[in-house]
Amino acid sequence: MTGAEVRNFAVAIVLFALAALIPLTGSGYWLSIGVSIATYMVLSTSWALFSGPTHYISLATGAFYGIGMYVVGLGIEILPYPVLLLIAAVLGAALAALVGLATLRLSGVYFVIFTLGLAELIRQLVNWGQTTQGSSSGLYVLTDISEPMIYWQLLGLGAIVYLLGWWINRSRLGFALRIIGNDEVVAVHSGINTASAKIILFVVSGTVATVTGALLAPRLSYIESSIAFSPMLSFLVVIMALLGGAHRLWGPIIGVVPFMLVWDLVTAKFPNQTTLVLGICFLLIVYAIPHGLAGLVEKYRARARGAF
Amino acid sequence: MAGRSALLVENVSKNFGGLIAVDAMTFEIEEHEVLGLIGPNGSGKTTMMNLVSGALKLNSGRIRLFGGDISGLAANRIARHGVARTFQLVRMLPSMTARENVFAGGVFGHRRLWGRDLEENAEAMLEKVGLGGAGSTPVSAMTYIDQKRLELARALVSDPKLLLLDEWLAGLNPSELRIGIDLINSLRGEGRTIIVVEHVMDAIRSLCDRCVVMNSGAKIAEGTPQEVLADEEVIRAYLGDHHA
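Not measured: the values here are computed from a predicted model. (Residues numbered from 1 in each chain as written. Chains lettered and ligands numbered in written order. Predicted model: local features only at pLDDT ≥ 70, side-chain atom pairs only at ≥ 80, totals over all residues.)

**Things to note about the overall build of chain A**
Here comes step 1: Each helix and strand counted, chain A has 14 helices and two strands in total.
Here comes step 2: Relative to a compact globule of 308 residues, whose C-alpha radius of gyration would be 19 Å, chain A shows 19 Å and is just as compact.
Here comes step 3: Residues counted as buried form 43% of the 308 residues belonging to chain A.
Here comes step 4: Sequence separation of at least 24 residues holds for 80% of the intrachain contacts in chain A that already meet a minimum separation of 6. (Helix = DSSP H or I, 4+ residues; strand = E, 2+ residues; numbered from the N terminus. Rg over C-alpha atoms; globule rule 2.2 N^0.38 Å. Buried ≥ 20, exposed ≤ 12 C-beta atoms within 10 Å, placed from the backbone. Contact = placed C-beta atoms within 7 Å.)

In structure tokens, the structure reads:
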């Protein structure tokens, strides 16, 4: 490990330790925002692991997240919670592999549309399943898992995602993905099996999103398909990753924190205009900071270095 | 034929819908040989190269690399078997430095380098193509000839058994052309096996041991550069009937 890596590790450990103290403040408000931030930190960072280098925009996060929620919703009365998390992970990975095999040969806009449609398709299937089973439109998730527990679990998952991302970035696989994002034709002719490289990363990001949904199910106590498979979630993940900068492992988090703080205000003050605000944010980010906050930081750092 | 057969193309055809781009092509290249694939525009040379590198799938026929059948394999698998190429329109990895562009050729190709081995080999290749010390340059800041050199270094770092150069000299000015021809000549001196698709006749005369001439997707002549460039059918294909 280089000196810079040791320093980054130390900084990350301190930040995680500080973040882990939030539930101890006893403030319900900060804990609730903390859970939201931790959720989107995990989702956006894992989304960027795949979409950052490859530039394949996936809107399937909501599909995986919803499946995770429903695994817990359906199984909580029958199986122990850790087993449900494991089932969610396996299901998420299997679905991601299937979707990857079917779609990652598609490029650009076809892939985006397919992933958006996937969440909707699964939501309709769940609805259909529930109505034919004659049950109610939602599921109760009654557990004794407290909000601080959920928060700490999310932080733990976040730490795993960062370690995984760090490892991937310095591996052949990470380099292969950067080449794919630059020029897929060159990638293929350099000997890279582009399909499997993309599928592996899509599986990683899909699995993480599914487990995240499973972790959050106890928080809602009543889950409905319209909440679990919300397309809004998929869009928020993309926006925050782009705001922070999807080309760096530490990019999404610096987008998630400010965005969630502002978003919390927006949803409280203008509950009926959230979609409008979201759209404007999207436009502003894409036009004004195409490489995200991480890109800005790097630009000013390079400029400062050039000045000396 | 004395040398070992490096590439054997047998009866290979490729059509796009009703258009026959490559029509029952058969030719062979020996180890350490430089073969020129020439012909008028649209005669199917680049398609032929794409069939060898796996960018396109052939409809019929067979391609053997050092005896092993590579027909119909995916391009990445053919690359691993030791075929490297450059592109007619130079293809860079724009977000990367020159050094990383060369790395890209070495990590997954025929030799699968990594770590120190990769760095040393990449540096040596940059040196060889005349880009020594330029490793940290972003490719967007490089001139056209330097990008072409870089693309060659990327192909060479995998130590390919067969190198395909698709109009690598196109678009260079006369002094750059001299440099380019010398560079390919030095590869020839190393005993590399190379197929060049080229329009520059000077380059073909000075570089190629043998030429295969294509017209309308089919082979119309084969032999030394002097022989094929004097061939009546070749002259007719390039210049029209009344010149032959």
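**Considering the environment of M41(A)**
Residues and elements named next belong to chain A.
Here comes step 1: With respect to the secondary-structure elements, M41 resides in helix 2 (residues 28-54).
Here comes step 2: As for M41 and L284, which are separated by 243 residues in sequence, their C-alpha atoms are 21 Å apart.
Here comes step 3: Excluding its chain neighbours within four sequence positions, the residues that come into contact with M41 are G158, P252, I253 and V256.

**Some words on unusual backbone geometry**
Residue and element names in this part refer to chain B.
Here comes step 1: Its identity as a non-glycine residue notwithstanding, H32 has a phi of 65°, on the positive side.
Here comes step 2: Looking at the element boundaries, H32 is found in the loop between strand 2 (19-30) and strand 3 (34-38).
Here comes step 3: A residue is classified by how many C-beta atoms lie within 10 Å of it, and H32, with 16 of them, is partly exposed.
Here comes step 4: Positive phi is not limited to glycine here, since D159 has a value of about 50°.

**Some points on the interface of chain B and chain A**
Interface size is often expressed as the accessible area that is lost when the parts come together.
Here comes step 1: Contacts between the two partners involve 17 residues from chain B and, on the opposite side, 14 residues from chain A.
Here comes step 2: Counting residues per element, the ones that place at least two in the side of chain B that touches chain A are helix 2 (75-80) and helix 3 (98-107) of chain B.
Here comes step 3: It is helix 2 of chain B that contributes the most residues to the side of chain B that touches chain A, four residues altogether.

**Notes on the pairing of strand 2 of chain B**
All names here are of chain B.
Here comes step 1: Direction of pairing for strand 1 (residues 5-16) relative to strand 2: antiparallel, over a ladder of eight bridges. Its bridge partner being in strand 2, S5 is matched across the sheet by E30.
Here comes step 2: From the end of strand 1 to the start of strand 2, which pair antiparallel, there are two residues, and G17 there has a positive phi angle of about 60°. (Pairing = 2+ DSSP bridges.)

**Some points on the sheet that holds strand 5 (residues 68-69) of chain B**
All names here are of chain B.
Here comes step 1: One open sheet accounts for four strands, arranged 2-1-4-5; its pairing is antiparallel. Each edge of the open sheet carries a strand with a single partner, namely strand 2 and strand 5.
Here comes step 2: Alignment of strand 4 (residues 60-65) against strand 5, held across two bridges, turns out to be antiparallel. Within the sheet, the bridge partner assigned to L65 lies in strand 5 and is G68.
Here comes step 3: Its contacts with the sheet place helix 1 (residues 45-53) against strand 1, strand 2 and strand 4, and it is angled at close to 65° to strand 2. (Axes fitted to C-alpha atoms, helices over the stretch in contact; angles between N-to-C directions.)

**Topic: helix 12 (residues 251-269) of chain A**
Here comes step 1: For helix 12 of chain A, with 19 residues, the first-to-last C-alpha span of 28 Å sits near the 27 Å given by 1.5 Å per residue.
Here comes step 2: Listed in full, the buried residues belonging to helix 12 of chain A are G251(A), P252(A), I253(A), G255(A), V256(A), F259(A) and W263(A). (Expected span 1.5 Å × (residues − 1).)

**A closer look at the nonpolar core**
Here comes step 1: Core analysis: the biggest nonpolar cluster contains 156 residues, and A153(B) and V196(B) have the highest contact counts within it.
Here comes step 2: Counting residues per element, this core draws most heavily on helix 9 (residues 194-220) of chain A, at 13 residues.
Here comes step 3: Each of domain 1 (1-82 + 161-239) and domain 2 (91-157) of chain B accounts for three or more of the residues forming this core.
Here comes step 4: Those residues within four positions of V196(B) in sequence are excluded, and the remaining contacts are V34(B), G36(B), L37(B), L165(B), W168(B), L207(B) and C208(B). (Core = buried A, V, L, I, M, F, W, Y, C linked by C-beta atoms within 7 Å. Domains from an automatic or database assignment.)

**Side note on the confidence of the model for chain B**
Residue and element names in this part refer to chain B.
Here comes step 1: Here chain B shows a mean pLDDT of 92. Residues at 70 or above account for 98%.
Here comes step 2: Taking the mean pLDDT of every element in chain B, the minimum, 87, falls on helix 9 (residues 232-239) and the maximum, 97, on strand 4.
Here comes step 3: Taken over the whole predicted complex, pTM reads 0.89, whereas the ipTM for its chain interfaces reads 0.92. (pLDDT = per-residue confidence, 0-100.)

**Re the sheet that holds strand 9 (residues 210-215) of chain B**
Residues and elements named next belong to chain B.
Here comes step 1: What the six strands build is an open sheet, ordered 6-7-8-3-9-10; its pairing is mixed. With partners counted over all chains shown, the strands left at the sheet margins are strand 6 (83-85) and strand 10 (218-223), one partner each. Shown here is a sheet whose adjacent strand axes are inclined to one another by a mean of 20°, direction ignored.
Here comes step 2: Examined bridge by bridge, strand 9 and strand 10 share five bridges and lie antiparallel to one another. Considered in strand 10, the bridge of C211 is made with G223.

**Description of the packing of helix 2 of chain A against helix 9 of chain A**
Residues and elements named next belong to chain A.
Here comes step 1: The contact between helix 2 and helix 9 brings their axes to 9 Å, and the two run at 170°. When the axes of helix 2 and helix 9 are compared, the pair comes out roughly antiparallel. Two secondary-structure elements touch here, helix 2 through V35, T39, V42, L43, S46, W47, L49, F50 and T54 and helix 9 through K198, L201, F202, V204, S205, V208, A209, T212, L216 and R219. (Parallel < 35°, antiparallel > 145°, perpendicular 65-115°, else oblique.)

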